[in-house]
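# Overview (structure and organization)
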Amino acid sequence: LFSPLAPPDGGAVANAYDASDYASDTVRDAVQRLESSAGDPEKSFGVFEDVAAIITEGRGVGGSVSSSGVKLERGYVSDEDTTIYNPGLSLLTESEKDRLVDALVSNRQVGLSKNAWTENDQFGYDFLKTKLDPLHMHELRGYLGILPLYGAAVYLAALAVQQNARELFPAAYIVGVLAIFG
């Protein structure tokens, strides 16, 4: 109400993003279908095939792909290595990829808990997960969320050792490195 960023006339505050950029209808539909097919191996695999078509063909995702790059409705991206092989990956935003990965992981967890996860489902999951999240950021999300605070605490502890017990600092430095990376 009293925000310095609020318009003086009390009007609505504009978001920093366009709501249509967050997830296209195609991605929203795929996420809903992944959620509703959880626990049913045949339906899940069918949705996996549809998501694979989004990635490999760019099916249903706005924009166009050509040899000169990717022309998006919101901008222009060039020099994409995956454009030739997986044009949909170039057309999807990071938030859309995150939504798809979250839905894939959720679908897998439900399938495994109901003991209804087949080899085909695992193959489809592995393919999609590798394409959408090649650096495994979904699994690292929890660790990366606390890393700055944890790293700061370890750094301050090492700094305290350096200031108060200088002879122990080499060992404290090694312990600190192992605490963060080990």
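Residues numbered from 1 in each chain as written. Predicted model: local features only at pLDDT ≥ 70, side-chain atom pairs only at ≥ 80, totals over all residues. Heavy atoms only, no water.

## Structural notes on the packing of aromatic side chains
By the definition in use, this model includes three aromatic pairs. Here the aromatic rings of phenylalanine 48 and tryptophan 117 are separated by 6.0 Å at their centres, their planes lie at 65°, and the arrangement is edge-to-face. Here phenylalanine 48 is found in helix α3 (residues 41-57), whereas its partner tryptophan 117 is found in the loop between α5 (94-113) and α6 (119-132), with 69 residues between them in sequence. Comparing phenylalanine 48 with tryptophan 117, the two get one shared label, buried. Residues phenylalanine 169 and tyrosine 173 carry aromatic rings whose centres are separated by 6.0 Å and whose planes lie at 50° to one another, so their mutual orientation is tilted. Residue phenylalanine 169 and its partner tyrosine 173 are both found in helix α8 (residues 169-181); the two are separated by four residues, about one turn of the helix. One aromatic cluster is present, built from ring pairs that chain together Phe48, Trp117 and Tyr125. (Phe/Tyr/Trp six-rings, centres within 6.5 Å; stacked < 30°, edge-to-face > 60°. Helix = DSSP H or I, 4+ residues; strand = E, 2+ residues; numbered from the N terminus. Buried < 20%, exposed > 50% of the residue type's maximum accessible area, 1.4 Å probe, protein only.)

## Some remarks on the packing of helix α7 (residues 137-164) against α8
The N-to-C vectors of α7 and α8 enclose an angle of 175°; their axes lie 10 Å apart at closest approach. In terms of axis orientation, α7 runs roughly antiparallel to α8. Residues Tyr143, Leu147, Tyr150, Gly151, Val154, Ala158, Val161 and Gln162 of α7 touch α8, and the partners they reach there are Phe169, Ala172, Gly176, Ala179 and Ile180. Tallied by class, the residues present in the contact of α7 with α8 amount to ten nonpolar, three polar and no charged. (Axes fitted to C-alpha atoms, helices over the stretch in contact; angles between N-to-C directions. Parallel < 35°, antiparallel > 145°, perpendicular 65-115°, else oblique. Contact = heavy atoms within 4.5 Å. Nonpolar A, V, L, I, M, F, W, Y, C, P; charged D, E, K, R; others polar.)

## A look at α3
The α-helix winds at 3.6 residues per turn, so residues separated by three or four positions along the chain end up facing the same way. Across its 17 residues, α3 extends 24 Å between first and last C-alpha, which sits within 8% of the 24 Å expected from 1.5 Å per residue. Those residues of α3 that sit buried are Pro41, Ser44, Val47, Phe48, Val51, Ala52, Ala53, Ile54 and Ile55. Following α3 by one or two positions, glycine 58 has its phi on the positive side, about 75°. (Expected span 1.5 Å × (residues − 1).)

## Quick notes on the pattern of salt bridges
Summed over all chains, the structure comprises seven salt bridges. Arginine 28 is paired through a salt bridge with aspartate 25; the nearest N and O atoms lie 3.3 Å apart. With arginine 28 and aspartate 25 both in helix α2 (residues 25-36), this residue pair falls three residues apart, about one helical turn. With a relative accessible area of 35%, arginine 28 lands in the partly exposed category. Assessed through its relative accessible area of 58%, aspartate 25 is described here as exposed. When the shortest N-O distance is used, the salt bridge between glutamate 94 and lysine 97 registers 3.5 Å. Of this pair, glutamate 94 and lysine 97 both sit in helix α5, three residues apart, which is roughly one turn of that helix. Overall, the relative accessible area of 13% leaves lysine 97 in the buried class. Residues participating in the shared-partner salt-bridge network are Asp29, Arg33 and Asp50. (Salt bridge = Lys/Arg side-chain N within 4 Å of Asp/Glu carboxyl O.)

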